[in-house]
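What follows is the residue order along each chain.
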Amino acid sequence: MTHSAKARQSLTPRRPFWAVSALFVLLLGCTTTQAPKPGVKHTFVIVHGATGGGWDWKTVDGMLRAQGHDVYRPTLSGLGERHHLPKQGINLSTHITDITNLLAFEELSNVTLVGHSYGGIVITGVMNAMPERIQHAVFVDAGVPDHGMSALDVFDGLSVKDRVEDDLVFFEWLDPDAPFPKDMPHPVHSLTESVSFDNARAKRIPATFIAFVPKGTTVDQRTKDASWRRAEARGWTMLMFSGDHTAYRERPKAFSELLNTVAEGNQTSSLELL
C-alpha cells in the first residue's frame, strides 16, 4: 500500500508594483509559481527512544517540513547533545517534563505527538499531563503502558542487570568509539519509574499504533506483542510498517508520508504491510 504525500502551497515573494514598463509587468505576471497543494499544516512533536536523541529524526523532520508542517524533535535530558547533564536526578518525570515544557514554552496546541520505542512511555505521561494540547498520539513501534507501569514492565525481556554504572544503562548496542551523533548510555531511573495514565481526557485522545515488522517476522507474531494488544484494546488505529526497529532510518520518505496520512486522519487500521 502506498500513500501520497500532502503538502501546503509554498509562498513566493510578493511581486513589486513599481514596474516601469508594461512589458516588465507582463513578464512578472508570467513568472511561474508553485501550484497550490492539498493538505493541512500540522505540528509534529517527535520523542525519540532510549539512548537516542532528536538528531536521529533529522531526515524525517526535513521531509515533513517539505510537506509544509512544523516539526519539533527535542532531545530528552541526559541524552544526545544533552548527555553532559548530571544523570543522578534524571528519571521518567524529567523526560515527561522535557516535553510538557516544550509544549508550554513554544505555545503548541493541536499537536501530533509521536513517540518511538521508549518514547511511547514518555508521550503517555505527556498525554496524561496535557491532553488539551494533543490532537493525535502516534506510538511508533513503541511501548504502550497501562497506568502505573514502567518501561521495564512494558518491554518484555528488557533487563538492566549488570549494565548500570553511575545511574546510566550501557546497552549492548552502544558503540563508545562511534563518532557523534550517536546513541548514548541511558538514565536508568527513567526506565524504572512508573507512568501515570489515569486522566479520562487523555484516554480519549485519538491514537495510532504503528508496528514495525522486520524481515523474517510475521504479522501474526507482531500482533502478539503486549503493547499491540493494549493499544488494540483501546480501539486505536493499528498499522504495520515493513522494517526493523529503526525503519524510519531505512525508509524515511515512506515513513514521513505515513505520518502525514495519520495526522490527516485518513488512515484506518490495516494488517497489510506498508
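Residues numbered from 1 in each chain as written. Predicted model: local features only at pLDDT ≥ 70, side-chain atom pairs only at ≥ 80, totals over all residues. Heavy atoms only, no water.

S.K.: Summarise the overall build of the protein chain; cite the residues concerned and give the values.
M.R.: A tally of regular secondary structure across the protein chain gives 11 helices and 9 strands. Among the 274 residues that make up the protein chain, the fraction classed as buried is 47%. Residue pairs at least 24 apart in sequence account for 72% of intrachain contacts in the protein chain once pairs closer than 6 positions are excluded. (Helix = DSSP H or I, 4+ residues; strand = E, 2+ residues; numbered from the N terminus. Buried < 20%, exposed > 50% of the residue type's maximum accessible area, 1.4 Å probe, protein only. Contact = heavy atoms within 4.5 Å.)

S.K.: Lay out helix H11 (residues 252-264) with the relevant residues and their values.
M.R.: Since the α-helix advances by 3.6 residues per turn, residues separated by three or four positions end up pointing in the same direction. The terminal C-alpha atoms of H11, which comprises 13 residues, lie 18 Å apart, in line with the 18 Å expected from a rise of 1.5 Å per residue. The element H11 is extensively covered by neighbouring structure, given that 11 of its 13 residues are classed as buried. Taken together, the buried positions of H11 are occupied by Pro-252, Phe-255, Ser-256, Glu-257, Leu-258, Leu-259, Asn-260, Thr-261, Val-262, Ala-263 and Glu-264. (Expected span 1.5 Å × (residues − 1).)

S.K.: Describe the packing of helix H3 (residues 92-105) against helix H4 (residues 119-129), with residues and values.
M.R.: Taken N-terminus to C-terminus, the directions of H3 and H4 make an angle of 55°; their axes are 9 Å apart at the nearest point. When the interaxial angle is binned, H3 and H4 end up oblique. When you trace H3 past H4, the crossing you get is right-handed. Residues Leu-92, His-95, Ile-96, Ile-99, Thr-100 and Leu-103 of H3 touch H4, and the partners they reach there are Ile-121, Val-122, Gly-125, Val-126 and Ala-129. (Axes fitted to C-alpha atoms, helices over the stretch in contact; angles between N-to-C directions. Parallel < 35°, antiparallel > 145°, perpendicular 65-115°, else oblique. Left-handed = near helix turned anticlockwise from the far one by under 90°.)

S.K.: Could you give an account of the nonpolar core, naming the residues involved and the relevant values?
M.R.: By size, the foremost hydrophobic cluster in this structure holds 46 residues, and its most contacted members are Leu-113, Val-122, Met-127, Phe-139 and Phe-209. Sequence-distant contacts of Phe-139, that is, excluding residues within four places in its chain, are made with Gly-115, Gly-120, Ile-123, Thr-124, Met-127, Val-144, Thr-208, Phe-209, Ile-210 and Trp-236. Counting residues in hydrophobic clusters, the runner-up holds 21 residues, among them Phe-44, Ile-210, Tyr-248 and Val-262. (Core = buried A, V, L, I, M, F, W, Y, C linked by side-chain atoms within 4.5 Å.)

S.K.: A description of the packing of helix H2 (residues 58-66) against H11 should follow, citing residues and the corresponding values.
M.R.: Taken N-terminus to C-terminus, the directions of H2 and H11 make an angle of 55°; their axes are 9 Å apart at the nearest point. Our classification of the angle between H2 and H11 gives oblique. The chirality of how H2 crosses H11 is right-handed. Here Thr-59, Val-60, Met-63 and Leu-64 of H2 lie close against H11, whose contacting residues are Pro-252, Lys-253, Phe-255, Ser-256 and Leu-259. When grouped by side-chain class, the residues that make up the contact of H2 with H11 number 6 nonpolar, 2 polar and 1 charged. (Nonpolar A, V, L, I, M, F, W, Y, C, P; charged D, E, K, R; others polar.)

S.K.: Could you give an account of the sheet that holds strand E3 (residues 111-116), with specific residues and numbers?
M.R.: Across the sheet, which stays open at both edges, the 6 strands sit in the order E2-E1-E3-E4-E8-E9 with parallel pairing between neighbours. Here the strands that pair on one side only, and so sit at the sheet edges, are strand E2 (70-72) and strand E9 (237-242). Pairs of neighbouring strands in the sheet enclose a mean axial angle of 20°, with direction left out of account. Relative to E3, strand E1 (residues 43-47) runs parallel, the two sharing 5 bridges. (Pairing = 2+ DSSP bridges.)

S.K.: I'd like a rundown of the layout of surface pockets, residues and numbers included.
M.R.: Size it by volume and the largest pocket reaches roughly 750 Å³. Contributing to the lining of the largest pocket are 33 residues, with Ser-117, Asp-141, Phe-155, Trp-173 and His-245 lying nearest its centre. For the lining of the largest pocket, the elements supplying multiple residues, two or more each, are helix H9 (226-233) and helix H10 (247-250). Sorting elements by how many residues they give to the lining of the largest pocket places H9 first, with 3 residues. Of the residues contributing to the lining of the largest pocket, the split by class is 12 nonpolar, 11 polar and 10 charged. (1 Å grid on protein atoms, 1.4 Å probe; cavity = no way out; pocket = protein on both sides within 12 Å on 5 of 7 lines; lining within 4 Å. Points joined across faces, edges and corners; volume = space filled by probe spheres on them.)

S.K.: Lay out the packing of aromatic side chains with the relevant residues and their values.
M.R.: Each pair of aromatic rings is reported with the distance of its centres and the angle of its planes. Within this structure, the stated rule accounts for 9 aromatic pairs. Look at Phe-139 and Trp-236: their rings are 4.8 Å apart centre to centre, the planes differ by 35°, and that puts the pair in the tilted class. Taken as a pair, Phe-139 in strand E4 (residues 134-140) and Trp-236 in the loop between H9 and E9 lie far apart in primary sequence, 97 residues in all. When the centroid spacing of 5.6 Å and the interplanar angle of 80° are considered together, the rings of Phe-241 and Phe-255 count as edge-to-face. A residue pair is termed long-range when its members are at least 10 positions apart, and Phe-241 in strand E9 and Phe-255 in helix H11 qualify at 14 residues. Across the pair, exposure class does not vary: Phe-241 and Phe-255 are buried alike. Put simply, the rings of Trp-57, Phe-212, Phe-241, Tyr-248 and Phe-255 pair up and form one aromatic cluster. Over the aromatic face of Phe-180 sits the side chain of Lys-182, whose NZ or CZ is 5.1 Å from the ring centroid. (Phe/Tyr/Trp six-rings, centres within 6.5 Å; stacked < 30°, edge-to-face > 60°. Lys NZ or Arg CZ within 6 Å of the ring centre and 35° of its normal.)

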